[in-house]
Amino acid sequence: MTRRDRLRLLALVGPLATWLLLFEVIPLLLVLAVSFMRRGTRGPVMMAFTLENYRRFADPLYLGILGDSLRIAFLTTAICLLVGYPFAYYLSHLPAPRRTRWLALVILPFWTNMLIRTYAWIMLLRSNGLINNLMQSLGIIRQPLTLLYTQEAALLGLVYSLLPFMILPLYASIEKLDRRLVQAAQDLGAGPVRAFLRVTLPLTMPGVIAGSILVFIPSLALFYITDLMGGARAVLIGNLVQRQFTQARDWPFGAAASVILTVVSLLLILLYVRYFAPRGGEGWV
Amino acid sequence: MMGRGWGARLLGMHSYLTLAFLWLPIAVLVAFSFNTSRLNVVWQGFTLDWYRQLAQDVALLRAARNSLVVAIASTTMSTLLGTMAALALTRYRFPGRSVLEALLYVPLILPEVVMGVSLLATFSLLGFTLGLQTVILAHVTFSTPFVALVVWARLQGFDRTLEWAAMDLGADEWTTFRRVTLPLLLPGIVAGALLALTVSLDDFIVTFFTTGPGATTLPLYVFSMVKFGVSPKINALSTVMLVITLSLVLLAERVRRSQ
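Residues numbered from 1 in each chain as written. Chains lettered and ligands numbered in written order. Predicted model: local features only at pLDDT ≥ 70, side-chain atom pairs only at ≥ 80, totals over all residues. Heavy atoms only, no water.

Looking at this structure, I do not really get the overall build of chain A. What am I missing?
The number of helices and strands found in chain A is 13 helices and two strands. Dimensions of chain A, computed from C-alpha atoms along their principal axes, come out at roughly 80 × 70 × 35 Å. Across the 285 residues in chain A, those meeting the buried criterion constitute 50%. When the accessible surface of chain A is summed, it comes to about 14000 Å², and 66% of that surface belongs to carbon and sulfur atoms. In chain A, which carries 26 positive and 12 negative side-chain charges, the distance between the mean positions of the two groups comes to 3 Å. (Helix = DSSP H or I, 4+ residues; strand = E, 2+ residues; numbered from the N terminus. Buried < 20%, exposed > 50% of the residue type's maximum accessible area, 1.4 Å probe, protein only. Areas by Shrake-Rupley, 256 points an atom, 1.4 Å probe, with all protein chains shown as cover. Lys, Arg positive; Asp, Glu negative; His and termini not counted. Charge placed at Lys NZ, Arg CZ, Asp CG, Glu CD.)

Structure representation (structure tokens):
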């Protein structure tokens, strides 16, 4: 590389690298460091090494929160998969003009604010809301049902906001599938179910995994959805982190929770890269 | 390819229901923004009152202005950084390139809560006052990868022979960049910028942690309104935000496709 090339490269990369260092690397390292500190008296933290923050997670209360988080995230992912896969399959088989329209109808909610979409459900589910009032006026129920502030409501909120994140990678993967392979399987005598299980599903696994990661990780972290829809009934890791950094003012503990959340996310992504990233490097993007 | 059997029919029904599931709540929300009833439950009559109330809500207008200021400032910087990133990563080979690339795209997979609290911790412990400035810095950090991705995609199909031709004709590097590369990249850069704008306007979690008193943005304002209770005013505000976001996204797509 000539000297001029090197200067040009520095000009391009320098600001970027500096920015990433200042606003990504250092903050994340700081969180890691704070997770080993003590809660401060005059400031938010005190310079004293301790493993207490991580030990607290052995407490049944916090183990429960971890367990709830993983359970709800898993359920959200499973529901999104069960709903999303058939939808993506149908979408990929649509003729071109309709397919573009349907794709647009899936992508548009993907870009709208999740807070607004969650509010739509709050409007529908509250005791004075549309669903309850409709059922009461139709005589189906006498008293309003408690639909909001339940774990199920939180689950619904998460599924609703994250479904497009599952559909799009699935669609990308299914669309790439070589239909002739499925036909070959059927020519060899496999029924439609067997052809699906032995050919289609394994070949679309990258999409399944990508979609699952894109749903699972945010499920743990979208605290405002679980907060608004589930209240005290749906306290997940994301909510825990948020509380420690706001009301509880226990930054070290919140930092430890953040580290755990990040580690879980990283493990899932590594799993994807290790086993399912296509060798060609093209990916599903 | 689908077959006419009951399996295909079931699949079709499921898909239509899923689409309805995605859109009905939004449709209801928008519809009720025009409802005269304050309780937001039964349709009573058509009105634009709630929209009028929005225009008179001073706190709301201030939040909107803040959102706009943050969005424009952060988009400008992130478009610059993102474009530079895409150019550097596609055209040059240098030690640490994969590390840089990985770090660049980290905000896309890192849970926003973690990014939010990490920036909060950094800003506080370094003594920065939290406010619009810190929000802008945070927004640049997560918008840049979006711009980089779009410009990077645009660079993939880029015909470098055009640049070489320009240089053969006597243009120096900078002129070539200015007169050949940049105009050809422009749709991608603009599309990336529009996306960054959208992402910034909609952001809640990171803004939540990095903002300070008096520096509310629109999503934060909506959140506090929603926590307070349900009101058609929120519906009206939501509708406005939806229309803006969708317009930006459609515009970005149109720009991206052009040329």
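We are not done yet, so read on.
What is the right way to read the side chain of A:T262 from this model?
Within the secondary structure, A:T262 sits in helix α13 (residues 251–275). Separated by 2.8 Å, the side chain of A:T262 and the backbone oxygen of A:S258 make a polar contact. In this view, A:T262 contacts B:L110 and B:V114; residues no more than four positions away in its chain are not counted. (Polar contact = N/O pair within 3.5 Å; in protein donor to acceptor, adjacent residues only side chain to side chain. Contact = heavy atoms within 4.5 Å.)

Looking at this model, I keep getting lost on empty space enclosed by the protein. Mind explaining?
Over the atoms a probe the size of a water molecule is rolled, and this reveals where empty space is left. One pass over the full model with this rule turns up one cavity of 30 Å³ or more. There is about 40 Å³ of room inside the largest cavity. Forming the walls of the largest cavity are A:L16, A:W19, A:L20, A:E24, B:L104, B:T141, B:T144 and B:P145. Contributing elements (two or more residues each) for the lining of the largest cavity: α1 (3–34) of chain A together with α6 (132–156) of chain B. Counting residues per element, the lining of the largest cavity draws most heavily on α1(A), at four residues. When its residues are assigned to classes, the lining of the largest cavity shows five nonpolar, two polar and one charged. (1 Å grid on protein atoms, 1.4 Å probe; cavity = no way out; pocket = protein on both sides within 12 Å on 5 of 7 lines; lining within 4 Å. Points joined across faces, edges and corners; volume = space filled by probe spheres on them. Nonpolar A, V, L, I, M, F, W, Y, C, P; charged D, E, K, R; others polar.)

Help me out: how do you make sense of α6(B) in this one?
Because an α-helix completes one turn every 3.6 residues, residues spaced three or four positions apart along the sequence face the same direction. Across its 25 residues, α6(B) extends 36 Å between first and last C-alpha, which sits within 8% of the 36 Å expected from 1.5 Å per residue. Among the 25 residues that make up α6(B), 18 are buried, leaving the element largely enclosed by the rest of the structure. (Expected span 1.5 Å × (residues − 1).)

Explain helix α9 (residues 192–203) of chain A to me, please; I cannot follow it from the model alone.
Residue and element names in this part refer to chain A. Taking 1.5 Å of rise per residue, the twelve residues of α9 would be expected to cover 16 Å, and the 15 Å separating its terminal C-alpha atoms lies within 8% of that figure. All buried positions along α9 are accounted for by A195, V199 and T200. The buried residues of α9 all sit within an arc of 85 degrees when viewed along its axis, so they share a single face. Away from the buried face of α9 by more than 90 degrees, exposed residues V193, R194 and R198 are located. The secondary structure elements touched by the buried residues of α9 are α3 (60–92) and α8 (179–187). (Arc of directions from axis to C-beta.)

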